[in-house]
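# Structure assessment
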Amino acid sequence: GIQGRYYFPLLLAQMALLTIGLFSLTQSRMKFWFIGIVGLGMLFLHTYAQWFVISSYLSANSISDFFTQAGFYKPIFFNTPFLEILITFYAISFGGCIWYYVKVWRYFLYEKKALT
């Protein structure tokens, strides 16, 4: 099976090294766009990786099947309504993270006070 707990801690370090390496290769006027696109790409790739690991363990044919199977997997944490609260909190925090990231990225893009 897929053991996500072995791969997820390494992703942050690998993505940071990849970003630093590619950042040093880009021209100064492209650095702002590069950082913005790579950062948003990492956020969406993280969500895809979460979906991939979840779909490898659970069937996501319907929402009710997903909640039933998740409740059998970890009954203490994933029973109703706790799982719905976790998913809602994740969606809200993910949206807030994207909103704040774009806000800060646009500030540095148009003010050009950093990353020179």
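Not measured: the values here are computed from a predicted model.

### Digging into the overall build of the protein
- If you tally the helices and strands in the protein, you get 4 helices and 0 strands.
- In sequence order, the secondary structure elements of the protein are arranged as α-α-α-α.
- Counting the 116 residues in the protein, one finds 17% classified as buried.
- For the protein, the proportion of contacts with a sequence separation of at least 24, taken over those separated by at least 6, is 55%.

### Looking at the packing of aromatic side chains
- Counted by the stated rule, this structure contains 4 aromatic pairs.
- Consider the rings of Phe44 and Phe94, whose centres lie 5.7 Å apart with planes at 80°: the pair is edge-to-face. Linking Phe44 in helix 2 (residues 31-57) with Phe94 in helix 4 (residues 82-111), this pair joins segments that are 50 residues apart in sequence.
- On the basis of relative accessible area, Phe94 is assigned to the buried category, the value being 17%.
- Here the aromatic residues Phe44, Tyr90 and Phe94 are joined through ring pairs into a cluster of three or more.

### Notes on the packing of helix 2 against helix 4
- Interaxial distance between helix 2 and helix 4 falls to 9 Å at its minimum, and their mutual angle equals 170°. For the element pair helix 2 / helix 4, the angle class is roughly antiparallel. Here Phe32, Trp33, Ile35, Gly36, Gly39, Leu40, Leu43, Phe44, His46, Thr47 and Gln50 of helix 2 come into contact with helix 4, specifically with Tyr90, Phe94, Cys97, Ile98, Tyr101, Val102, Trp105, Phe108 and Leu109.
- Residues that form the contact of helix 2 with helix 4 fall into these classes: 15 nonpolar, 5 polar and no charged.

### Looking at a nonpolar patch on the surface
- Taken together, Leu18, Leu22 and Leu25 make up a surface patch of nonpolar side chains, about 310 Å² in accessible area.
- Following the sequence through the fold, Leu25 ends up in helix 1 (residues 4-25).

### Notes on the confidence of the model for the protein
- Overall, the prediction assigns the protein a mean pLDDT of 77, with 83% of residues at 70 or greater.
- Mean pLDDT across the elements of the protein bottoms out in helix 3 (residues 63-73) (75) and peaks in helix 4 (84).

### Details of helix 2
- Along its 27 residues, helix 2 runs 39 Å from first to last C-alpha, staying within 8% of the 39 Å computed at 1.5 Å per residue.
- Among the residues of helix 2, Lys31, Phe32, Phe34, Gly36, Gly39, Leu43, Ala49 and Val53 are the ones counted as buried.

### A closer look at helix 4
- For helix 4, with 30 residues, the first-to-last C-alpha span of 43 Å sits near the 44 Å given by 1.5 Å per residue.
- All of the buried residues along helix 4 are Leu83, Phe94, Ile98, Trp105 and Leu109.

Scoring rules and cut-offs
- Residues numbered from 1 in each chain as written.
- Predicted model: local features only at pLDDT ≥ 70, side-chain atom pairs only at ≥ 80, totals over all residues.
- Heavy atoms only, no water.
- Helix = DSSP H or I, 4+ residues; strand = E, 2+ residues; numbered from the N terminus.
- Buried < 20%, exposed > 50% of the residue type's maximum accessible area, 1.4 Å probe, protein only.
- Contact = heavy atoms within 4.5 Å.
- Phe/Tyr/Trp six-rings, centres within 6.5 Å; stacked < 30°, edge-to-face > 60°.
- Axes fitted to C-alpha atoms, helices over the stretch in contact; angles between N-to-C directions.
- Parallel < 35°, antiparallel > 145°, perpendicular 65-115°, else oblique.
- Nonpolar A, V, L, I, M, F, W, Y, C, P; charged D, E, K, R; others polar.
- Patch = residues over 30% accessible without salt bridge, like charges linked within 9 Å, V, L, I, M, F, W, Y side chains within 5 Å.
- Areas by Shrake-Rupley, 256 points an atom, 1.4 Å probe, with all protein chains shown as cover.
- Salt bridge = Lys/Arg side-chain N within 4 Å of Asp/Glu carboxyl O.
- pLDDT = per-residue confidence, 0-100.
- Expected span 1.5 Å × (residues − 1).

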